[in-house]
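Chain by chain, the residues run as shown.
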Amino acid sequence: MTGDAAAILGGVNANHDLLTQPFDPRALESAAQSAWAAAGAYRAVENDARFPKGKYYCVSMLPYPSGKLHMGHVRNYTLNDMLYRHLRMQGYNALMPMGWDAFGLPAENAAMKSREAPAKWTHENIAYMKRQLIAMGFAIDWTRELATCDPAYYRWNQWLFLKMLEAGIAYRKSGIVNWDPVDRTVLANEQVIDGRGWRSGAPVEKREIPMYYLRITQYADELVDCLDQMPGWPDRVKAMQANWIGRSTGVRFAFPHDIAGAAGPVGDGRLWVFTTRADTIMGVTFCAVAPEHPLAAHAATLSPHVRDFIAEASHGSVAEADLATMEKKGVPTGLYVRHPLTGEQVEVWVGNYVLMSYGEGAVMGVPAHDERDFAFAHQYGLRILPVIEVPGETFDYDGWQPWYADKGRGRCVNSGKLDGLDYAQAVAAVAGDLAAKGLGETRTTYRLRDWGISRQRYWGTPIPIVHCEQCGPVPVPYDQLPVVLPEDCIPDGSGNPLNAREDFVRTTCPTCAAPARRETDTMDTFVDSSWYFMRYASPNAATMVDARDAHWMPMDQYIGGISHAILHLLYARFWTKVMRDFGLVGYSEPFTRLFTQGMVLNHAYFHRNDRGGLDYVPPEQVDALRDEQGRITGGRSKVDGTPLEYDGLGTMSKSKLNGVDPQDMIDRYGADAARMYVMFAAPPDQTMEWSDAGVEGQSRYLRKLWAYASAHRDAVRGVAGRAALAPQPAGAARLQRREIHQTLGKISDDYQRFKYNTVISGAHILLNALEAIPASDPAAPAVAREGLSILLRVLYPVAPHVTWHLWDALGYAAADGPLLDAPWPEVDPAALVQDEIELVLQVNGKVRGKLVVPAGADRIAIETAAHAAPEVARHAGGGPVRKVIVVPGRLVNVVV
């Protein structure tokens, strides 16, 4: 017995009188957690000889320390915990660490409300949430805990940033952002509501400011190609990543023009666009440019209408996703370019739906074959020219039809020498003609843009740059890292408070020693979460990672929400490839398998505040209002009677105040019951609606289990063990043993397939089977001992506290060691052998009962038994049996 096991066995369960006590989940859980902590039960050590199958590294995405866990968190971490415990019982050296994604804007928002520093708020939340995680009994190796706001962690963000700067992967350029002129800060796209700042309500401006970028586009091809080599990832997630990267092959070409400004031809006399539909080039009836495009700027000097439109567009979003749903607006510039193949004049418009940061900042308008252009042309009365036809379809100028954009069935028409060509033939022909004119070429482009990591906010990793009037931007020397963020700033909404901290900003230039100023932008928090899982593997390392990383990484199983399927996972993959290229790690992909769990849903209610924003109210403070069909239509505050609007069933979140605090569930039912419910309510990859009643149901099951163990403790303890089951028991005990082993086989399979909801169902079946064993059966104690041993082990990963106590109290630990490292139970093939089988008995096709026959009975024996069955005589009406139909193993149908 190991020292850890001995320490655990020396705990609260040494006295078997525990089973004479009432079931008290809080006391049991507290005692178990204390024993586990004292023994260091979940501390993982590299190359641990106790585990013959080697390492298994399983991680749940780290939480933001927003104040309290909710049951969505509990579901995520219970998934990981069940995986960890199951793997450890199978002989794997499993590791489940935990940390805190501790930087970010929510801490600043909270600071503005409470007038306390984000650091204080963050550290207090971490302490509270850690206590909650411990109270849930998760098998976390706390020796590897990290917080991304710790300088010991974020110094390596800064270190790798400088390495990327040296390699040209990090660079500085001007970028367009949302600027709140009142709060004097850059806003994320989601903070812009109807064109106004979410907090100030001021009209948001687009500004171009210097920012730092990471050249993720340099890795675009590898990021796409590697997806085909990742069978452990869901196809849905891989498709989302591929679509986000958006690799596409098309034609980049120019519309020539003679438009000139004071400094000569605008854009060298060419308006460049990129298209994947070069086959529709003869259908171009206009071109649209972004408000920031040089042609738009030139037009603004000539037309007040264009100037006013550009000013209005400057208050719009810079997010491509927003452009897809916003109203498409535009204004003609009065400028014209020439069609590259026909030489015809093509009018140039400025459109609010064209992004300067995407492609060339200009698009060719083909209203007949692009839905967005079709709507724009209808709105402004522009010409629509069909140049693609599909057999059997008729073009309708008044309404869009999906076939207009069908490049699979389409053939060119109204396109001169292109007529009759299919998509591929037409694109090749157009590309060749444009290349011959020196106006275009085939090119592969990407939707993906370089990652802008500058944030004009306080609570984040300082960007390690010094600005010198003589030398310009200068990297901070490596030996001066980390650049430590002051933790006592209190944001007030008037911009980044670092700008007013002269003790932080004032410094000297590392190059010339002249007075200089530190960069006050901080890094995007996606930087923090792009490599934390590597630091778990190398805790307290003197370098970014050390040799221990090669032991644990790449990660065997990553668990998290589908909401992180694109950016977090994409950035983590990119960051890993950069570290590989710098020789820091030896692998290209960080996550071997990915599981995206379903969200936990709860009702949400709100009222509108004076600024038009939404103030949410916790569901427990609301009386729901329902219609005649019982559907929720609104609510009323229990506190002050305020009418509330209903926001539907949504994911539990801090922002909507609709999370359920697990501490309340622990206090009422115990952690094990809460864990069981979040696993039982729905398959782990599907959403589930929260129900307090569901937790209560699992609590009743655990009490029932405790009662059964208490009632049978003496009989179970008195059995010698597995040897008592040879030979096989007979009668009812044998039938129940077969059901126990059949159920064990299904549960073991369910564990392998992440079907944890049916694992809980199987545990219920096992207890029912144990209760069905007649006490008078001589084999009952032996079958009960084996069955309870199986039940406790399969239930242990989801309900570790109760099962750990029962394992010891019933004497299993003394014989087989603590449940923590007990081996996974195996199905006994002998238990599955049936002496008799049960067939459905039908008379003239109607079920009339059951027919029990020997397991090896042939067709004649089954027919003979059917003839003699009393149900047949009762329903035959005295008539003779004409024939007997036997479906082997299933049913027998007697025809009279």
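Quick summary incoming for the structure in this document. Just so you know, these numbers come straight off a predicted model, no measurement behind them.

## Points about the overall build of the protein
- A tally of regular secondary structure across the protein gives 30 helices and 39 strands.
- Along the longest, intermediate and shortest principal axes, the C-alpha atoms of the protein span 105 × 80 × 60 Å.
- Within the protein, counting contacts between residues at least 6 apart in sequence, those at least 24 apart form 72% of the total.
- Counting every atom, the protein has about 37,900 Å² of accessible surface; 51% of that belongs to carbon and sulfur.
- The averaged location of the 102 negative side-chain charges in the protein is 3 Å from the averaged location of its 89 positive side-chain charges.

## Some points on the pairing of strand β26 (residues 515–518)
- Inspection of the sheet shows strand β23 (residues 465–468) paired to β26 by two bridges, in the antiparallel sense. Across the sheet, residue H467 finds its bridge partner in β26, namely R517.
- The pairing of strand β25 (residues 506–508) with β26 spans three bridges and is classified as antiparallel. Along β26, the bridge assignment pairs T508 with P515.
- Between β25 and β26, which pair antiparallel and follow one another directly, the connecting turn spans six residues, one of which, A513, has a positive phi of 70 degrees.

## A few points about the sheet that holds strand β38 (residues 883–887)
- Reading across from one edge, β37-β36-β39-β38 is the order of the four strands in this open sheet, with mixed pairing throughout. The open sheet has two edge strands, β37 (846–854) and β38, and neither has a second partner. Averaged over neighbouring strand pairs, the angle between their axes works out to 25 degrees when direction is ignored.
- Relative to β37, strand β36 (residues 836–843) is paired through eight bridges, and the arrangement is antiparallel. Paired with E836 across the two strands is P854, which belongs to β37.
- Running at roughly 125 degrees to β38, helix α29 (residues 859–868) makes contact with β36, β37, β38 and β39 (891–895) of the sheet.

## A look at the pairing of strand β14 (residues 286–289)
- Residues F286 and A288 line one face of β14 and the alternating positions C287 and V289 line the opposite face, and both faces are buried.
- By the bridge criterion, four bridges tie β14 to strand β17 (residues 362–365) in an arrangement that is antiparallel. Among the inter-strand pairings, V289 is bridged to a residue of β17, identified as A362.

## As for the environment of H70
- Within the secondary structure, H70 sits in the loop between β1 (55–60) and α3 (71–89).
- Of the residues examined, H70 reaches a relative accessible area of 13% and is grouped as buried.
- With near-sequence residues (within four places) excluded, H70 lies in contact with M652, S653, G659, V660 and P662.
- Of note is the side chain of H70, whose polar atom sits 2.9 Å from the backbone nitrogen of G72.

## Topic: the packing of aromatic side chains
- Scanning the model with the defined rule gives 47 aromatic pairs in all.
- Look at F253 and F255: their rings are 5.2 Å apart centre to centre, the planes differ by 50 degrees, and that puts the pair in the tilted class. For the residue pair F253 and F255, the accessibility class agrees, reading buried in each case.
- On the basis of an interplanar angle of 85 degrees and a centroid distance of 4.8 Å, the ring pair of W403 and Y404 is categorised as edge-to-face.

## A word on helix α2 (residues 25–39)
- With 15 residues, α2 extends 21 Å from end C-alpha to end C-alpha; this agrees with the ideal 21 Å at 1.5 Å per step.
- Note on α2: the residue one or two positions beyond its end, G40, has a positive phi of about 60 degrees.

## Examining the sheet that holds strand β10 (residues 248–256)
- Strand order in the open sheet formed by three strands is β13-β10-β20, with antiparallel pairing between adjacent strands. Whereas interior strands pair on both sides, the edge strands pair on one side only; in this sheet they are β13 (270–275) and β20 (440–445). Looking at each pair of strands side by side, their axes are set apart by 30 degrees on average, direction ignored.
- Note that β10 and β20 share six bridges and pair antiparallel. Paired with R252 across the strands is E441, a residue of β20.
- Contacting β10 and β20, helix α13 (residues 423–436) crosses the sheet at an angle of about 40 degrees to β10.

## Re the packing of α3 against helix α20 (residues 671–680)
- Where α3 meets α20, the axes come as close as 9 Å, and the angle between the chain directions of the two elements is 90 degrees. With respect to α20, the element α3 is oriented roughly perpendicular. Residues M71, V74, R75, T78, L79, D81, M82 and R85 of α3 pack against A674, R675, V678 and M679 of α20.
- Classifying every residue of the contact of α3 with α20 by side-chain character gives seven nonpolar, one polar and four charged.

## Re the environment of A263
- Following the sequence through the fold, A263 ends up in the loop between β11 (260–261) and β12 (264–265).
- Of the residues examined, A263 reaches a relative accessible area of 85% and is grouped as exposed.
- Along the sequence, A263 and A869 sit 606 residues apart, while their C-alpha atoms lie 105 Å from each other.

## As for the pattern of salt bridges
- Scanning the model with the defined rule gives 51 salt bridges in all.
- Two residues, K120 and E124, come together in a salt bridge whose shortest N-O distance is 2.7 Å. Taken together, the residues K120 and E124, both in helix α5 (residues 118–135) and four residues apart, mark about one turn of the helix.
- The exposure class of K120 is partly exposed, given its relative accessible area of 43%.
- Here E124 falls in the partly exposed class, since its relative accessible area comes to 42%.
- Linking R580 and D581 is a salt bridge whose minimum nitrogen-to-oxygen distance equals 2.9 Å.
- By sharing partners, the salt bridges in this structure join E222, R573, K577, R580, D581 and E589 into a single network.

## Focus on the nonpolar core
- Judged by nonpolar contacts, the single largest core of 185 residues is most densely connected at F161, Y532, W575, W690, L791 and L795.
- Once you skip the residues sitting within four places of it in the chain, L791 turns out to touch Y701, L705, A763, L766, L767 and L770.

How each quantity is defined
Residues numbered from 1 in each chain as written. Predicted model: local features only at pLDDT ≥ 70, side-chain atom pairs only at ≥ 80, totals over all residues. Heavy atoms only, no water. Helix = DSSP H or I, 4+ residues; strand = E, 2+ residues; numbered from the N terminus. Contact = heavy atoms within 4.5 Å. Areas by Shrake-Rupley, 256 points an atom, 1.4 Å probe, with all protein chains shown as cover. Lys, Arg positive; Asp, Glu negative; His and termini not counted. Charge placed at Lys NZ, Arg CZ, Asp CG, Glu CD. Pairing = 2+ DSSP bridges. Axes fitted to C-alpha atoms, helices over the stretch in contact; angles between N-to-C directions. Buried < 20%, exposed > 50% of the residue type's maximum accessible area, 1.4 Å probe, protein only. Polar contact = N/O pair within 3.5 Å; in protein donor to acceptor, adjacent residues only side chain to side chain. Phe/Tyr/Trp six-rings, centres within 6.5 Å; stacked < 30°, edge-to-face > 60°. Expected span 1.5 Å × (residues − 1). Parallel < 35°, antiparallel > 145°, perpendicular 65-115°, else oblique. Nonpolar A, V, L, I, M, F, W, Y, C, P; charged D, E, K, R; others polar. Salt bridge = Lys/Arg side-chain N within 4 Å of Asp/Glu carboxyl O. Core = buried A, V, L, I, M, F, W, Y, C linked by side-chain atoms within 4.5 Å.

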